[in-house]
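A structural walkthrough
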Amino acid sequence: MTIDAIDRRIIAATSGGLPLVSAPFAEVARWLGLEEDEVIARMAAMQDSGVIRRIALAPNHYALGLVANGMSVWDVADAQVDDLGARIGALDFVSHCYRRPRALPDWPTTCSPCCTATAGTRSRPGGPRSRPCWARPAAAMTSCIPRAS
Amino acid sequence: MRGAPLPPGTLDDADRAILNALQDGLPICPHPFAEIAAALHLDEAELIARIARLREIGAVTRFGPFFDAEAMGGAFCLCAMAVPQDRFDAVVTLVNALPEVAHNYERAHRLNMWFVLATERPEGIDRAAARIERETGLRVLRFPKEREFFIGFRVAA
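Conventions we followed
- Residues numbered from 1 in each chain as written.
- Chains lettered and ligands numbered in written order.
- Predicted model: local features only at pLDDT ≥ 70, side-chain atom pairs only at ≥ 80, totals over all residues.
- Heavy atoms only, no water.
- Salt bridge = Lys/Arg side-chain N within 4 Å of Asp/Glu carboxyl O.
- Helix = DSSP H or I, 4+ residues; strand = E, 2+ residues; numbered from the N terminus.
- Buried < 20%, exposed > 50% of the residue type's maximum accessible area, 1.4 Å probe, protein only.
- Arc of directions from axis to C-beta.
- Core = buried A, V, L, I, M, F, W, Y, C linked by side-chain atoms within 4.5 Å.
- Contact = heavy atoms within 4.5 Å.
- Disulfide = S-S within 2.5 Å.
- Pairing = 2+ DSSP bridges.

**A closer look at the pattern of salt bridges**
Summed over all chains, the structure comprises 17 salt bridges over all chains. With a closest N to O distance of 2.9 Å, R42 of chain A and D4 of chain A form a salt bridge. Within this pair, whereas R42 of chain A is found in helix 3 (residues 36-49), its partner D4 of chain A is found in the segment before helix 1 (5-14), the two being separated by 38 residues in sequence. Look at D4 of chain A and you get partly exposed, because its relative accessible area is 34%. For D126 of chain B, the salt bridge goes to R142 of chain B, with nearest N and O atoms at 2.9 Å. Here R142 of chain B lies in strand 5 (residues 141-143) and D126 of chain B lies in helix 5 (residues 123-136), a separation of 16 residues in the sequence. Since its relative accessible area comes to 47%, D126 of chain B is described here as partly exposed.

**What about helix 4 (residues 81-89) of chain A?**
Taken together, the buried positions of helix 4 of chain A are V81, G85 and G89 of chain A. Take helix 4 of chain A and look down its axis: the buried residues cluster within an arc of 60°, on one side only.

**Describing the nonpolar core**
Counting residues in hydrophobic clusters, the biggest one holds 40 residues, and the most contacted among them are M43 of chain A together with F63 of chain B. Setting aside its immediate chain neighbours within four residues, M43 of chain A contacts I10, T14, F25, I52 and I55 of chain A together with I28 and P65 of chain B.

**Overview of the state of the cysteines**
All names here are of chain B. Per the counting criterion, the structure on display carries zero disulfides over all chains. C77 provides the cysteine sulfur closest to C79, a residue in no disulfide bond, and the two sulfurs are 4.2 Å apart. According to the relative accessible area criterion, C79 is buried, its value standing at 0%.

**Comments concerning the pairing of strand 1 (residues 52-59) of chain A**
Judged by how many residues are buried, strand 1 of chain A sits mostly within the fold: seven of eight residues are covered. In this sheet, strand 1 (residues 60-67) of chain B lies alongside strand 1 of chain A in antiparallel orientation, the contact comprising seven bridges. The residue bridging I55 of chain A from the neighbouring strand is P65 of chain B, located in strand 1 of chain B.

Now the structure itself:
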């Protein structure tokens, strides 16, 4: 989907969040000098095309009791990676799961196309430790490994 | 961001129902909170006030649209580096100085620094990674996403 300058203004205006008022899209329209109908139509079109994944609440997992997250990386046979990736992704404690290329120096890189699956998991106490070096709030980020306390 | 659990009793059943329902999304319509409130048997004004409180107490980090930078022509790439321990803090400073670095974690592995680059154009990934390699003298391994198996994690409040 191509987005135009007005879409970009809507994205910029809402990247910090949606206003918590009864008619939030009318409020965004008021900020930008647009009509509510146009903001709703444009945001709906962006959601249909995937530019907006969803309009939702991001819970603070640590405030809600999750205490650890860990990223695991697996070297999976190419013939199996798509099947296993889907099955790992379906586990309820897996937050996201991707297939990625091999790049480690101690793994063969000449036999590409080679694949690995990376899964970020969030678990109750006992998971692998990690320390955040830094995190910048990024509105565009829909899947990221959360900060550990 | 709050890193500790909320004290017991901070959230009531209605708060938990809101947290669970609104992770899935808000309809794009003139009065979206009224629709969600009806489904949760709450008053619209009460729902809005509760969302504001959940944000204030740190139970919610963000409420609004989640954009997919890739659908807008941008790119993400997971990157990893093996950073000597005695240089770790200095390298953190160098890496975090780049606006393309979205988040960065130390992890318990030989590859001990993992970060995500987010750029407006795909070619920006290699440019940013090359700059980090130049400034640190360390190799930046790039693990671009080839296929997304799952990203829809929801926490049950």
